[in-house]
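A structural walkthrough
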Amino acid sequence: MSLELSVVVLAAGMGTRMKSALPKVMHKVAGKPMVNHVIDTAAKLNAGKTMVVVGPDMPKLVETVAPHPTFEQTDRLGTAHAVLAAREALAGLSGNVLVLYADSPLFTAETLERLVAAREAGDHAVAVLGFRPEDPTGYGRLVTDATSGELLAIVEDKECDADQRAINFCNSGVMCFRAEDMLATLEAIDNANAKGEYYLTDAVAVARENGHRCVAVEVDEEETLGVNSRAQLSVAEAIMQDRLRKAAMDDGATLIDPASVFLCADTKLGRDVIVEPNVVFGPGVTVGDNVVIKAFSHLESCVVGDAADIGPYARLRPGAEIGAGAKVGNFVEIKKAVVEDGAKVNHLSYIGDARVGAKANIGAGTITCNYDGYRKQHTDIGAGAFIGSNSALVAPVEIGDGAIVGAGSTITGKVAADALTLTRAERIEKAGWAAKFREKMRALTGKK
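Presented here is a report on the structure given in the accompanying data block. (Residues numbered from 1 in each chain as written. Predicted model: local features only at pLDDT ≥ 70, side-chain atom pairs only at ≥ 80, totals over all residues. Heavy atoms only, no water.)

Concerning the overall build of the protein chain
Worth spelling out the cut-off: Elements are defined by DSSP. Helices are runs of H or I of four residues or more, strands are runs of E of two residues or more, and each kind is numbered from the N terminus. For a compact globule the rule gives 2.2 Å times the number of residues to the power 0.38, and the radius of gyration it is set against comes from C-alpha atoms. The positive count covers Lys and Arg only, the negative count covers Asp and Glu only, and His and the chain ends enter neither. Charge placement uses NZ in Lys and CZ in Arg. For Asp and Glu, CG and CD serve respectively.
Secondary structure summary: the protein chain contains 10 helices and 35 strands in total. A compact globule built from 448 residues should have a C-alpha radius of gyration of about 22 Å, whereas the protein chain, at 31 Å, is more than 25% larger. Taking the principal axes of the C-alpha coordinates as reference, the protein chain spans close to 105 × 55 × 40 Å. Averaging the positions of the 47 positive and the 58 negative side-chain charges in the protein chain gives two centres separated by 13 Å.

Brief notes about the sheet that holds strand S30 (residues 386–387)
Going by this rule: Here, any two strands with at least 2 DSSP bridges between them count as paired.
The strand order across the open sheet formed by 10 strands is S12-S14-S17-S20-S23-S25-S27-S30-S33-S35, and the pairing between neighbours is parallel. Each having just a single partner strand, strand S12 (254–255) and strand S35 (420–421) make up the two edges of the open sheet. In the sheet, strand S23 (residues 327–330) pairs with strand S25 (residues 344–347) via 3 bridges, with the strands oriented parallel. Looking across to S25, one finds that Val328 is bridged to Val345.

Considering the state of the cysteines
For clarity, the cut-off: A pair of cysteine sulfur atoms is labelled a disulfide when the two atoms are within 2.5 Å. When a residue's accessible area, from a 1.4 Å probe over protein chains only, is under 20% of the maximum for its type it is buried; when over 50% it is exposed; and in between it is partly exposed.
Taken as a whole, this structure holds 0 disulfides when the rule is applied. With no disulfide of its own, Cys302 lies 11 Å from the sulfur of Cys264, the closest cysteine sulfur. By relative accessible area, which is 1% here, Cys302 ends up buried.

Some points on the environment of His124
Note the cut-off: Any pair of residues with heavy atoms lying within 4.5 Å of one another is described as a contacting pair. Polar contacts here mean pairs of N or O atoms no more than 3.5 Å apart (in protein, one a potential hydrogen donor and the other a potential acceptor; neighbouring residues in sequence count only if both atoms are side-chain atoms).
With respect to the helices and strands, the residue His124 is situated in the loop between helix H5 (109–121) and strand S7 (126–131). On a C-alpha basis, the gap between His124 and His212 in space is 6.8 Å, while along the polypeptide they are 88 residues apart. In this structure, His124 is in contact with Ala118, Arg119, Arg178, Arg213, Cys214 and Val215, ignoring residues within four places of it in sequence. A distance of 3.2 Å separates a polar side-chain atom of His124 from the backbone oxygen of Ala118.

Remarks on H5
Rule in force here: Here the expected length of a helix is defined as 1.5 Å per residue gap, with one fewer gap than residues.
Here H5 spans 18 Å end to end across 13 residues, near enough to the 18 Å set by a 1.5 Å rise per residue. Of the positions making up H5, those classed as buried are Ala109, Thr111, Leu112, Leu115, Val116, Ala118, Arg119 and Glu120. Immediately downstream of H5, the backbone of Asp123 shows phi near 50 degrees, a positive value.

Thoughts on the pattern of salt bridges
Heads up, the condition is: Counted as salt bridges are all cases of a side-chain nitrogen of Lys or Arg within 4 Å of a carboxyl oxygen of Asp or Glu.
Scanning all chains against the criterion turns up 21 salt bridges. Across the pair Arg119 and Asp123 runs a salt bridge whose closest N-O atoms are separated by 3.9 Å. The partner of Arg355 in a salt bridge is Asp380, and the shortest N-O contact between them spans 2.8 Å. With a gap of 25 residues between them, Arg355 in strand S26 (residues 350–356) and Asp380 in strand S29 (residues 379–381) connect regions that are remote in the sequence. Owing to a relative accessible area of 22%, Arg355 belongs among the partly exposed residues under this scheme. The network of salt bridges with common partners includes Arg119, Asp123, Arg178 and Asp181.

Structural notes on the side chain of Ser229
Note on placement: Ser229 falls in the loop between strand S11 (214–218) and helix H9 (230–250). In this structure Ser229 comes out as buried when scored by relative accessible area, which is 12%. Here the side chain of Ser229 touches Gln232 through a polar contact of 3.2 Å, landing on its backbone nitrogen.

Some remarks on helix H7 (residues 179–187)
Looking only at H7, the buried set comprises Ala179, Asp181, Met182, Leu183, Thr185 and Leu186. Where H7 is buried, its residues touch helix H3 (79–84), helix H4 (87–90), strand S6 (96–101), strand S10 (170–178) and helix H8 (203–209).

Digging into unusual backbone geometry
A negative phi holds for most residues other than glycine; trans holds for most peptide bonds. Here the amide bond leading from Gly311 into Pro312 is cis, since omega sits at 5 degrees, within 30 degrees of zero. Among the structural elements, Pro312 can be located in the loop between strand S20 (309–310) and strand S21 (315–316). Look at the link from Ala395 to Pro396: it is a cis peptide, with omega at 0 degrees. Looking at the element boundaries, Pro396 is found in the loop between strand S31 (392–394) and strand S32 (397–399). The phi angle at Asp353 is positive, at roughly 50 degrees, despite the residue not being glycine. Secondary-structure assignment places Asp353 in strand S26. Positive phi, normally seen in glycine, also occurs at Asn390, with a value near 60 degrees. Within the fold, Asn390 resides in the loop between S30 and S31.

Shown next as structure tokens:
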């Protein structure tokens, strides 16, 4: 691929089968809207310009695809009509124009590169991606020359004759055009069909009528999946998860039970990371080298440093930063907090809006009381500090370096470095009180 490349992403479909207030193409696969999967794949091809065709009243979609320019298809009159919504941006382009669908997130950059290269190689007017399903019923057939392989026509299923119906080479919808004559080709397409729509597939017939050649490139059926329902969305998710898991393992991470680990498109796992079963990665997670993430943990928008130990049953919420060699143990929740190198929060704790200094130790049941009903306040725990079990640190509060907080304390003010602080009520013991209480209750209730 050597010529300039531009991309048109069609995203105007209403997606009524999704039964959602959200535009279909904004539904997520591996934590990323489908439309952004398509745009990001195009970016891997170094596309010079990417345009997105949207439907009316889709402000959230326009925001999602920014800063790419959008063009509105006011009346939904077919796929060729949709591409022509971007007419002003298409005028004057050279090289290649790739037309993609925002509800088809599984095409790879390698596949699209092959399509563009095939169009360039023969200076074809149009190149089409095709696939071979087990059952071609319902798909447009790609009719090719038996000798040259040249694409002769795209015939819709309902218009096929007996011979054409036997063809199992089908249209995926993805096309690459020679930019210089693309507009003339699209503008020559008419709507003389049962639906009265302007079909992009007719571009092949128009191009050939004008003496141009076309070509078809075969791709695996899995990549061609278009998402039109929640069921198809789940299929796309499963395929994408398998790809992400394989890529993670190929890059040096160990997934003990890959099928139970769920990744996001932007999850970054370092080398020699071990991920135990039933771990979920939300968007925005970066994990360093030699980290162990134990079973049933959930991570989202966080950073985990080298050789840290996470879980089991840990929850790292947005803004969590876990330092090198730190430990976040079972049933611990960290939110918008820094746990510095070598610090330990081993179990049953909530640390929010806080800093836990290097090598500090947080005892079981400790919580940072960060919310007063109106504001989030910060807790600062110094390096080497020791917080006893079942302590409540009422923010804003500062615990100095090396300080010790006695178990069961509620801390509301500053604790000096290396000091011992504890807040406990005076112990009261009444000898024999429990036996007398039981005797009294038996007399009242009749129970032994």
